[in-house]
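Residue-level structure breakdown
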Amino acid sequence: MSDNTTHPERCRCCGTMSVHRRLLDQDPGYARRRSRIEEHAFRAMRGTIVQRPGCTRIPVVVHVVYNTDEQNISREQIDSQIEILNEDFRKTNADISTVPAPFAPVAADARLLFALATSDPDGNPTDGITRTRTDVSGFVDDDKVKADASGGKDAWPADEYLNIWVCPLSGGLLGYAQFPGGPAATDGVVVTYTGFGNMGTARAPFDLGRTTTHEIGHWLNLFHIWGDDGTGCSGSDFVDDTPNQGGANLGKPTFPKVSCDNGPDGDMFMNYMDYVDDDTMVMFTEGQVARMQACLDGPRSAIGEMVSCTPLHPKALPKDTPKEFTKEPPKERPKDNPKEFVKEPVKESVKEGPKDLIKDGPKDGIKDVIKDGGKDGIKDGIKDGIKDGGKELPKDNPKDFGKDPGLEPGKWKPLDPPPKQIFEVPTKQLVEGPVGGKQAFENPLPGGWGNQPVQPMQPMQPVQPLQPFVLATGQAPSGASLKPPVADGGGEQDQSQALLGEYAQLLAQYAQLYQQGMLDQQGMLAWQQAWAAYVQLGGR
C-alpha cells in the first residue's frame, strides 16, 4: 500500500486516489455512495439541477498535529492559508491574470468562502484551531492523523465543519483528501506543515498555499485533471472544459504543452487540479465549479452558510443593499433614484398587495374576499401587482422571464416548477441573518439543500438514459413538480382555484429572482407574505 511509497522531493504528490482505492476495497457502502454521488454530479453537469444561489461560507477547523516545536505553526500562518483559499475559490487571486488567452473564458469563480469556526461542537467559543503534540515523526495517507488513539486528533462533525489536519507527512507526500461519501470520522483534508499557507514553515516551490486549494478541490469531488490513468489518454476528470491530458505536469511548463493530440492549446497545466508548482496553478474552470456546486447540493448539502457574493462585485450592491442605495444614489443613473425605483414599485407591485391580503383583509377572512370580489379583491390586486411590477421594473424581469417553450399562451405552467425547497420562501433566518453559534452554519432552506432533486424553472425535455460514469448507475432522476389544486366546479371554488393559479405564478417568479440573486430584503419579505397568502388559500 501507500504506506511504503516514497515520493520525489519536488513532486506535488497527492494521496487522494490511494485513499479512494483503499476505501473501495474495504467498504462496500463507499462504492454505493460514490455511485449515487457521481450520478448526481452527472445530472448537475447536464443542467437538470439548480445550483444553490449566492456564495457558500464553510466553517473550518484546523487541527495542528506536531512532533517538533517548528511544526506547531502560528496563527498567522493559518490565517494566510484561509486568505489564499478565499482568493483562489473566488477567482480574486492576483495571478489569475497569467491564464493563457485560450483558457481565460472558462476560468471561473467557485463562489466559496472559508472561515475559521467560532464555536466548537459543544457550542463553546473557539478560534477554530486545535493543537496536539504527537510522538509520530511522520504520518502517511492511512488516516492515523485523524484519531486521538493513533497519535493524531479526532475530527469534528463532518456535516458542520471542514476538518483540515496540518502535520508532518513522510515520503514526500504533500497532502491528501477524502472524496465525499467516505466515513465521517475521517472526512476532511490533510496537508504537510511545509505546504500550508505562504509564510512560516512553508517551503518553495509549494509555499503559496495551493496544496490546500488542490486538496479541497478533491474534498468537493474534483478529480485530477488528467483523469488518473497514468500517462495514457483514456482517463477523464468528468469535466467537459478541461482538455484531455497525458499524465500530470510538474514544475513550471511552458504554454502550450501539447499531449494527447490536444493542440494547439495543449494541457491546462495551470489548473489547480494538476501537479505543477504553487506559482503556476491559478484557476478552476466553469465545469469544475459546476461539479463542486453539485457536491454542495448533494453529499455536502449540510455544511456551510449561504452568504452574499456582492462585496466582491460593487456594481451589484445597489440591488442587494437597498439601504446603501438610498443613501448614495449614483449621479449618472437618475432613473434608478431610490425614491422611484425602490419605494414606489415595491409599494405598488409587491409589498402592498400581500400586506392588504394578509393584514388588512376583511374581518370575515379571505373566503369573503374571494366570494364578493370587487375592485379591492385579492384577484385584482394580484393581477395589478404583477402587471404594474413588470412595467416599473423591466431590469429585474428579463425578456425571457417566466417563458416556457412549448406551452400554449395563457395557460398556467404545468411542468416542473421547483419543489418546495426552492418554491417556498426561505426561512426568517435568511432574511434577518444568522445569529451566533451553530446557527451560523445551518442551511437557510427547510430540509437542507439536495434532499430531493431540484428541477430548473424551464420544463425539461424527456431525459434519455444517462451514460454511466465510473461507479455510476446511469439512471435518470424522477421528476418533481408543484402544482395548485385542480378545480372541480363551483363558483366560489373556481374563483379560489384561479387565485391559487395567480399566486403560484407569482411565487414561481419570486423563486427565479431568488435563484438569480436579485431579491433584496424587501423582496424577501414580500415573498414571505405571498407564500403565507398562498397557503391560507389552500395551496400546497
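Everything below is about the structure shown above.
First things first, this report covers the structure right here in the doc.

Definitions and limits used
Residues numbered from 1 in each chain as written. Predicted model: local features only at pLDDT ≥ 70, side-chain atom pairs only at ≥ 80, totals over all residues. Heavy atoms only, no water. Helix = DSSP H or I, 4+ residues; strand = E, 2+ residues; numbered from the N terminus. Buried < 20%, exposed > 50% of the residue type's maximum accessible area, 1.4 Å probe, protein only. Contact = heavy atoms within 4.5 Å. Phe/Tyr/Trp six-rings, centres within 6.5 Å; stacked < 30°, edge-to-face > 60°. Core = buried A, V, L, I, M, F, W, Y, C linked by side-chain atoms within 4.5 Å. Salt bridge = Lys/Arg side-chain N within 4 Å of Asp/Glu carboxyl O.

**Concerning the side chain of T280**
Structurally, the position occupied by T280 is in the loop between β9 (275–276) and α5 (286–297). Given the relative accessible area of 12%, T280 is considered buried. Setting aside residues no more than four positions away along its own chain, T280 makes contact with G251, K252, P253, F269 and M270.

**Side note on the environment of L174**
Its location among the elements puts L174 in strand β6 (residues 173–177). Sequence separation between L174 and C13 is 161 residues, and the spatial gap between their C-alpha atoms is 5.5 Å.

**Notes on helix α1 (residues 16–26)**
Within the sequence span of α1, burial applies to T16, M17, V19, H20, R22 and L23. Lining the buried residues of α1 we find β1 (13–14), α2 (28–45), β6 and α4 (210–219).

**Remarks on the packing of aromatic side chains**
Applying the stated rule across the entire model yields eight aromatic pairs. Look at W226 and Y275: their rings are 4.9 Å apart centre to centre, the planes differ by 75°, and that puts the pair in the edge-to-face class. Of this pair, W226 sits in the loop between α4 and β8 (250–251) while Y275 sits in strand β9, and the two are 49 residues apart along the sequence. By the burial criterion, W226 is buried, and Y275 matches it. Among the aromatic side chains, those forming a connected cluster through ring pairs are F89, F114, Y272 and F284.

**Observations regarding the nonpolar core**
Judged by nonpolar contacts, the single largest core of 52 residues is most densely connected at F89, F114, L162, I216, L220 and M283. Every element with two or more residues in this core is listed here: β2 (55–66), α3 (75–90), β3 (112–116), β5 (162–167), β7 (189–192), α4, β9 and α5. Considering every element that reaches this core, the biggest residue donor is β2, with five residues. Excluding its chain neighbours within four sequence positions, the residues that come into contact with F89 are D109, A110, R111, L112, F114, T213, I216, G217, L220, F284 and M292. Listed in part, the 18 residues of the second largest apolar core include A504, L507, M524 and A526.

**Observations concerning the pattern of salt bridges**
What the rule picks out here adds up to 17 salt bridges. A salt bridge links R210 to D95, with the shortest nitrogen-to-oxygen separation between them at 3.0 Å. One end of the pair, R210, is in helix α4; the other, D95, is in the loop between α3 and β3, and 115 residues separate them in sequence. Neither R210 nor D95 differs from the other in exposure class; each is buried. One connected set of salt bridges, linked through shared partners, spans R22, D143 and K146.

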